[in-house]
Structures are given as C-alpha cells and as structure tokens.
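Residues per chain are reported as follows:
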Amino acid sequence: MNIDEIETFVAIAELGGFTRAGDRLHRTQPAVTRLLRTLEDRVGCPLIDRSARPLAATEAGRRVIAIARQILQMADTLMAPGSTEPVPRLALRLGMSRGLLWHLGGHAFAAPPKHLREL
C-alpha cells in the first residue's frame, strides 16, 4: 500500500469519478483505475461502488476513507516538520519510448533498440 493509492481512493470518493480524480492528481483515468484496483486488492474488498452515479464509497470504503485521510494528513506533516501547512507535491512525468530515451542519452535507463544491439 502506498500514498498514491490512498490519495487516489480519497480523490475518487470526494470527487465522484475517475476522470475528475485524475484531473486533480494529474494522472490519466486508466492510471487512476489501476491505483484503485491495486488498493482494493490489498484491502480485500471493493472501496468504490462503480454502479453509483456519481461514484460513491462502499460501506467498507466509508470505513477506510477516514483512516486514509488521516494517513494523508500525517504524510503531509511528515514532509514539512515544524510547519502546519502541507508541502505541495509536484511531479513531472514524461512518457517516451525506450528507443527515443536511448537516442537522447538515457543509456542507463533503457536498453538499446534491437537494430542497434548488433552494431
């Protein structure tokens, strides 16, 4: 279980949808869905009622959300010791093919494309 999974669950429950949660978290809808499924697998039960419109927490989800919010609040406090203001979390995620990464100099992160392995 990680903070991203918990944060995603809370956003879905608060905003009532995967796309809205993705917009808040700067993630794609499939990424949001995947994070929620991973958390549900770890917890062992559905946390969001996918048939409800807008989406809503299940009974188990309502029990978990209070704890999830406390975890997020504690994580924000941990990130900013001595401060009462949460530290903004910023992330830059770039997607690119391994071949492009190789050509841009990211040799340590990507295997060379097949056509270059023989050279």
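Residues numbered from 1 in each chain as written. Predicted model: local features only at pLDDT ≥ 70, side-chain atom pairs only at ≥ 80, totals over all residues. Heavy atoms only, no water.

The next point concerns unusual backbone geometry. Cis rather than trans, the peptide bond between Arg53 and Pro54 has omega equal to -5°. Summarising the element assignment, Pro54 is placed in the loop between strand E1 (48–49) and strand E2 (56–57). (Helix = DSSP H or I, 4+ residues; strand = E, 2+ residues; numbered from the N terminus.)

What follows deals with the packing of helix H1 (residues 3–15) against helix H3 (residues 29–43). Running from N to C, H1 and H3 point in directions that differ by 110°, and their axes come no closer than 9 Å. What the angle tells us is that H1 and H3 run roughly perpendicular. From H1, Asp4, Glu5, Ile6, Thr8, Phe9 and Ile12 reach across to H3, where they touch Val32, Leu35, Leu36, Thr38, Leu39 and Arg42. For the contact of H1 with H3, the class distribution of residues is 7 nonpolar, 2 polar and 3 charged. (Axes fitted to C-alpha atoms, helices over the stretch in contact; angles between N-to-C directions. Parallel < 35°, antiparallel > 145°, perpendicular 65-115°, else oblique. Contact = heavy atoms within 4.5 Å. Nonpolar A, V, L, I, M, F, W, Y, C, P; charged D, E, K, R; others polar.)

What follows is about H1. For H1, built from 13 residues, the straight-helix expectation of 18 Å at 1.5 Å per residue is met to within 8% by its first-to-last C-alpha distance of 18 Å. For H1, the full list of buried residues reads Glu5, Ile6, Thr8, Phe9, Val10, Ala11 and Ile12. Where H1 begins, the side chain of Asn2 points an oxygen toward the backbone nitrogen of Asp4, at a separation of 3.0 Å. Gly16 sits one or two positions beyond H1 and adopts a positive phi of about 75°. (Expected span 1.5 Å × (residues − 1). Buried < 20%, exposed > 50% of the residue type's maximum accessible area, 1.4 Å probe, protein only. Polar contact = N/O pair within 3.5 Å; in protein donor to acceptor, adjacent residues only side chain to side chain.)

It is worth spelling out the pattern of salt bridges at this point. Inspection of the entire model under this criterion finds 6 salt bridges. A salt bridge links Asp4 to Arg27, with the nearest nitrogen and oxygen atoms 3.2 Å apart. A residue pair is termed long-range when its members are at least 10 positions apart, and Asp4 in helix H1 and Arg27 in the loop between helix H2 (18–25) and H3 qualify at 23 residues. Looking at Asp4, the relative accessible area reads 29%, which means it is partly exposed. We classify Arg27 as buried; its relative accessible area is 19%. Its salt-bridge partner being Arg50, residue Glu40 comes within 2.8 Å of it at the nearest N-O pair. Of this pair, Glu40 sits in helix H3 while Arg50 sits in the loop between E1 and E2, and the two are 10 residues apart along the sequence. Salt bridges linked by common partners bring Glu14, Arg24 and Arg69 together as one network. (Salt bridge = Lys/Arg side-chain N within 4 Å of Asp/Glu carboxyl O.)

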